[in-house]
Amino acid sequence: MNFPTRQTMALPVRTLASIYKPRYVVLNIAAFVVYYYAYLELIAYQNLGVFLSNVSEGLLYALVFTSSMLLTIAVYSIRNTRNNRASVSATTLGTVATLFGGVIGGCGCSVPVISSLALVGLSASEVVSLNNFLADYQNEIFGLMVVANLAVIFFYLFRLSSASCRIPKVAST
Amino acid sequence: MRHAITKVASVLIVLVLVLGGVAGYFVLVRPGMGTTAVATSKISASSIPATYAGIGDPFTSSELASINGQPLSNYQTAGEMLLNGSIANTVALGRANHYQPLVVNGKPSVVVLQAISCSDCAMNRWAQALSLAAFGNFTALYVGYSASGTNHVTTLYWGQDNYTAAQGVTFGSSYASKYLNFYAVDYDSPVITGGFQWTTLAYLAQHAPNSTWQAVTAFMENASNALGNKAPPTDTQLWGSSVWFGGIAVILGNSTSVTGTAAPVSHLSHESALAQISGFSDQYAWSNYAAADVYIAGVCPSLTGPPPVCSLPAIVSLEGRV
């Protein structure tokens, strides 16, 4: 079994550094703000317009930050590589994670979005049970989503590190 | 393009499998309802933490006097403030559904289906008590808190709830009125050591102590289904012909600028809460009275020979806006 070498492990870090030029830093910040306010609005919608959440702030910021990183990597991939390996799925996962976080974060004794599952066939017992679970394990689920985001980030950084993924620069004449 | 679609599909399939597994766990593995309490350890009365001081203790007579027999001017002033946008906390209008009233012994009814673990219910109980006090009298209320996992909100309990048992239901209150009936149903779960827990209306009906309570819970289940809500949340309420799914107020303190565990209601002593309510000189008190006005405005149209509170100009103005 071949373990990753130090050189191999350094590649995604170098790729990350090459991605985060000023324009992509700005993009990441913008994505962070959009995702954060999307989360706020989802929570407030379920709480009479008041942002009330039992999820720890650190986990919230970590989820929103890693989701915004995924979007940034996706945009970089579209503009700078052939095959667009990270573009669509990275964008999807980051957005889904934030929105799903907003649904989970609103679970509990307000009128959660999750209760609308009753309209698609879940019984009252199943909806209530699911709401209870999500309300009680919000922090753990957020932690798992952050870990999942980080795993996908590293996966795509490794893929973007491969030589075949890059568009060769054309020499100016 | 096909490669991108495949990638998206792969990600979505993984997400669906994960979510399906979570949902399947509840459908296939966790049996029935009312068995989902997270914390099941019992806590002895002698080891109640200071943050839950007095939980379950009956209100003293002076504390009851902060709720019972309050001047009608408080309700009028708070109603005016609500109508002119001066209430700092959130008191929502326009959220009532309409259904036929539950008439028992010739009187319409107020029914509240709540969970003692629930912070939403906790914030709304003060207003509900104030509104009921405008139509009758409490001979007992009890010191309460929402669960530690729901920010430990200072509140009251209608009855002697079991805040340590894994699960249960407490029916009833110590309230009497010549204008209406009051049916309080509370789902009990471990408050000091646990988080939010709720149940189905069917579970509440199964544990009803007699035919009257069975009829009340069945009525609420029928009302919820008729109004299109198959999984009613905590604080599902009937006030005359007005039905609310969830509380109508988010009252955190004297403003809503600080939320979550830092919100004032997460650290409020009952003495302070009652002093503010009876003092009627800050947003916490005005907000609770304003929310009470909404409940009053919801029930007054169902009453025959209504009491003076229903004639207050602010209540009359609110009746069409609940």
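Reading the values: the criteria
- Residues numbered from 1 in each chain as written.
- Chains lettered and ligands numbered in written order.
- Predicted model: local features only at pLDDT ≥ 70, side-chain atom pairs only at ≥ 80, totals over all residues.
- Helix = DSSP H or I, 4+ residues; strand = E, 2+ residues; numbered from the N terminus.
- Contact = placed C-beta atoms within 7 Å.
- Buried ≥ 20, exposed ≤ 12 C-beta atoms within 10 Å, placed from the backbone.
- Pairing = 2+ DSSP bridges.
- Core = buried A, V, L, I, M, F, W, Y, C linked by C-beta atoms within 7 Å.
- Arc of directions from axis to C-beta.
- pLDDT = per-residue confidence, 0-100.
- Expected span 1.5 Å × (residues − 1).
- Axes fitted to C-alpha atoms, helices over the stretch in contact; angles between N-to-C directions.
- Parallel < 35°, antiparallel > 145°, perpendicular 65-115°, else oblique.
- Left-handed = near helix turned anticlockwise from the far one by under 90°.
- Nonpolar A, V, L, I, M, F, W, Y, C, P; charged D, E, K, R; others polar.

1. Things to note about the overall build of chain B
Part 1 of the reasoning: For chain B, the helix and strand inventory stands at 9 helices and 13 strands.
Part 2 of the reasoning: When contacts within chain B are restricted to residue pairs at least 6 apart in sequence, those whose partners lie at least 24 apart make up 75%.

2. Describing the environment of Ser224 of chain B
All names here are of chain B.
Part 1 of the reasoning: Topologically, Ser224 is positioned in helix α6 (residues 211-226).
Part 2 of the reasoning: Assessed through the 23 C-beta atoms surrounding it within 10 Å, Ser224 is described here as buried.
Part 3 of the reasoning: Ser224 sits 40 residues away from Pro264 along the chain, and the two C-alpha atoms are 33 Å apart.

3. Re the pairing of strand β4 (residues 107-115) of chain B
Residue and element names in this part refer to chain B.
Part 1 of the reasoning: Burial of β4 is extensive: 8 of the 9 residues sit out of reach of the surface.
Part 2 of the reasoning: In the sheet, strand β3 (residues 103-104) pairs with β4 via 2 bridges, with the strands oriented antiparallel. Bridge pairing links Val103 to Pro108 in β4.
Part 3 of the reasoning: In this sheet, strand β10 (residues 181-188) lies alongside β4 in parallel orientation, the contact comprising 7 bridges. Each residue of the ladder has a partner; that of Val112, found in β10, is Ala184.

4. Some thoughts on the nonpolar core
Part 1 of the reasoning: Counting residues in hydrophobic clusters, the biggest one holds 134 residues, and the most contacted among them are Val110, Val111, Ala129, Ala290, Ala291 and Ile296 of chain B.
Part 2 of the reasoning: Apart from residues no more than four positions distant in its own chain, Ile296 of chain B is found in contact with Tyr75, Ser131, Ala134, Val309 and Ile315 of chain B.

5. Digging into helix α7 (residues 270-279) of chain B
All names here are of chain B.
Part 1 of the reasoning: For α7, the set of buried residues is His270, Ala273, Leu274, Gln276 and Ile277. For α7, the arc enclosing every buried residue in end-on projection is 160 degrees, short of the 170-degree limit, so these residues lie on one face. Exposed side of α7, more than 90 degrees from the buried face: Glu271 and Gly279 are the residues found there.
Part 2 of the reasoning: Where α7 is buried, its residues touch α2 (61-65), α4 (119-133), β6 (142-145), β7 (154-157) and α8 (283-299).

6. Looking at the confidence of the model for chain B
Residues and elements named next belong to chain B.
Part 1 of the reasoning: Here chain B shows a mean pLDDT of 88. Residues at 70 or above account for 85%.
Part 2 of the reasoning: Note on residues 26-42: pLDDT is under 50 here. Beyond four places in sequence and across chains, it has 39 contacts.
Part 3 of the reasoning: Interface confidence in the predicted complex, given as ipTM, is 0.80; pTM for the same model is 0.85.

7. Topic: unusual backbone geometry
The phi torsion of most residues other than glycine is negative, and most of the peptide bonds are trans.
Residue and element names in this part refer to chain B.
Part 1 of the reasoning: Non-glycine residue His152 carries a positive phi angle of around 50 degrees.
Part 2 of the reasoning: By the element assignment, His152 lies in the loop between β6 and β7.
Part 3 of the reasoning: One non-glycine residue with positive phi stands out, namely Asp235, at about 60 degrees.
Part 4 of the reasoning: Along the chain, Asp235 turns up in the loop between α6 and β11 (236-239).
Part 5 of the reasoning: Since 26 C-beta atoms lie within 10 Å of it, Asp235 is described here as buried.

8. Focus: α8 of chain B
Part 1 of the reasoning: Taking 1.5 Å of rise per residue, 17 residues should cover 24 Å, and α8 of chain B covers 24 Å from first to last C-alpha, within 8% of that figure.
Part 2 of the reasoning: Within α8 of chain B, 17 of the 17 residues are buried, which leaves it mostly tucked inside the rest of the structure.

9. Looking at the packing of helix α2 (residues 22-45) of chain A against helix α3 (residues 57-80) of chain A
All names here are of chain A.
Part 1 of the reasoning: Look at α2 against α3: their axes get within 8 Å of each other, and the N-to-C directions meet at 135 degrees. When the axes of α2 and α3 are compared, the pair comes out oblique. When you trace α2 past α3, the crossing you get is right-handed. Within the contact between the two elements, α2 uses Tyr24, Leu27, Asn28, Ala31, Phe32, Tyr35, Tyr36 and Tyr39 and α3 uses Leu60, Val64, Phe65, Ser67, Ser68, Met69, Leu71, Thr72, Val75 and Tyr76.
Part 2 of the reasoning: Tallied by class, residues from the contact of α2 with α3 come to 14 nonpolar, 4 polar and no charged.

10. A short note on the environment of Ile55 of chain B
All names here are of chain B.
Part 1 of the reasoning: In this fold, Ile55 is placed in the loop between α1 (2-29) and α2.
Part 2 of the reasoning: Note: C-alpha distance between Ile55 and Leu156 (101 residues apart in sequence) is 9.0 Å.
Part 3 of the reasoning: Discounting chain neighbours no more than four positions away, the residues touching Ile55 are Ile48, Val143, Gly144, Tyr145 and Tyr163.

11. Quick look at the confidence of the model for chain A
Part 1 of the reasoning: Confidence in the prediction of chain A, expressed as mean pLDDT, is 80, and 80% of residues score 70 or more.
Part 2 of the reasoning: Across chain A, the element-wise mean pLDDT spans from 73 in helix α4 (residues 87-105) of chain A up to 91 in α2 of chain A.

12. Some remarks on the packing of α3 of chain A against helix α6 (residues 138-161) of chain A
Residues and elements named next belong to chain A.
Part 1 of the reasoning: Across the interface, α3 lies against α6 with an axial gap of 9 Å and an inter-helix angle of 25 degrees. When the axis of α3 is compared with that of α6, the two are roughly parallel. For the element pair α3 and α6, the recorded crossing hand is left-handed. In this structure, α3 uses Leu59, Ala62, Leu63, Thr66, Ser67, Met69, Leu70, Ile73 and Ser77 to contact α6, whose residues at the interface are Asn139, Phe142, Gly143, Met145, Val146, Asn149, Leu150, Val152, Ile153, Tyr156 and Leu160.
Part 2 of the reasoning: In the contact of α3 with α6, the residues fall into 14 nonpolar, 6 polar and no charged.

13. Let's talk about the environment of Leu268 of chain B
Residue and element names in this part refer to chain B.
Part 1 of the reasoning: Residue placement: Leu268 occurs in the loop between β13 (249-250) and α7.
Part 2 of the reasoning: Judged by local crowding, Leu268 falls into the buried class, with 20 C-beta atoms found within 10 Å.
Part 3 of the reasoning: On a C-alpha basis, the gap between Leu268 and Ala176 in space is 28 Å, while along the polypeptide they are 92 residues apart.

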